[in-house]
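Each chain, written out:
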Amino acid sequence: MKKIILTLSLLLMCMCVFAGSVKVTKGKTSGFKENANASVAFQWDGAKWDRGEPLQQHWGNDYDRLKQVGESAFIQGFNEKSKKNKIEETDAHYRMDIKIVSLDSFFSVMSIVPGHKHKVDAIITIYEVSTDRLVCEIKTDEFEGGRDFSYDDSFTECMSDLGKKIAKLIK
C-alpha cells in the first residue's frame, strides 16, 4: 500500500513540474477594478512554432483563419470565466495587449483520454486606458490547454483555457 501511495505522490509531483506556468511578472492584478471592460489587441508578428520556424510559415494558408479562431476563443473563455470584468471594445477601461511568442502542439497519451494538446508562450500586458498606466504584465511559459482528437479544436480549447486562466488570475 505504501508503494502505491508513494508512486501516486511521485506521479503528481512530476505532473506539477512539467505543467506550464502563468505568473504576474510586473504590477499587481489587484489594480484591475471590478465591473470594468477591457479591449484586447493580439500581436502575432514574430510568433514561432515550437520556438523555431515562424508560425505563419508553419500554419501556411490557415494562418489568418487560425489567428481569428484563437482570438475569438480567448475572448469567449475570458468572458465566460470572469463574472465581473468583460472583454468588450466599447467603453473599455483597460487595454490588454497579448503578444503570442510561441505555440506548439503534441499528442498526449498519458491520460485517460488521449488527444492533441497545445502549449502557448505569451506576454499579456494590461494598461489603464485613461492614464496609459501599466496595471500588470503576465507571462505564460508553455501553458498547456485543450485536449481533442482534432488539431484545430485542441488549439481553440487551448486559447479558451488561456482566457479562462487569465480571467481567474485577474478576479
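Computed from a predicted model, the values in this text were never measured in an experiment.

How would you summarise helix H4 (residues 151-170) if you had to cite specific residues and measurements?
Between the first and last C-alpha of H4 there are 29 Å, a value that for 20 residues agrees with the 28 Å anticipated at 1.5 Å per step. Restricting attention to buried positions, one finds in H4 the residues Ser-154, Phe-155, Cys-158, Met-159, Ser-160, Leu-162, Gly-163, Ile-166, Ala-167 and Ile-170.

How would you sum up the environment of Ile-138? Please name residues and give values.
Its location among the elements puts Ile-138 in strand E8 (residues 133-148). Taking relative accessible area as the criterion, Ile-138 reaches 0% and is therefore assigned buried. Taking the C-alpha atoms as reference points, Ile-138 and Thr-29, separated by 109 residues in sequence, lie 9.1 Å from one another.

Now, about helix H3 (residues 63-81): what can you tell me, with residues and values included?
With 19 residues, H3 should cover 27 Å at 1.5 Å per step; its first-to-last C-alpha distance of 27 Å lies within 8% of that length. Looking at the packing, one finds that the buried side of H3 touches strand E2 (37-43), helix H2 (55-59), strand E5 (86-87), strand E6 (94-108) and H4.

With reference to specific residues and values, describe the nonpolar core.
If you look at the biggest cluster of nonpolar residues, it comprises 37 residues, and the most contacted ones within it are Trp-44, Met-96 and Ile-126. Broken down by secondary-structure element, the contributors of at least two residues to this core are E2, H2, H3, E6, strand E7 (115-128), E8 and H4. No other element matches the 7 residues that H4 contributes to this core. Sequence-distant contacts of Trp-44, defined by excluding residues within four places in its chain, comprise Leu-55, Trp-59, Tyr-63, Lys-67, Glu-71, Ile-100, Leu-103, Phe-155 and Met-159.

So, how was this worked out
Residues numbered from 1 in each chain as written. Predicted model: local features only at pLDDT ≥ 70, side-chain atom pairs only at ≥ 80, totals over all residues. Heavy atoms only, no water. Helix = DSSP H or I, 4+ residues; strand = E, 2+ residues; numbered from the N terminus. Expected span 1.5 Å × (residues − 1). Buried < 20%, exposed > 50% of the residue type's maximum accessible area, 1.4 Å probe, protein only. Contact = heavy atoms within 4.5 Å. Core = buried A, V, L, I, M, F, W, Y, C linked by side-chain atoms within 4.5 Å.

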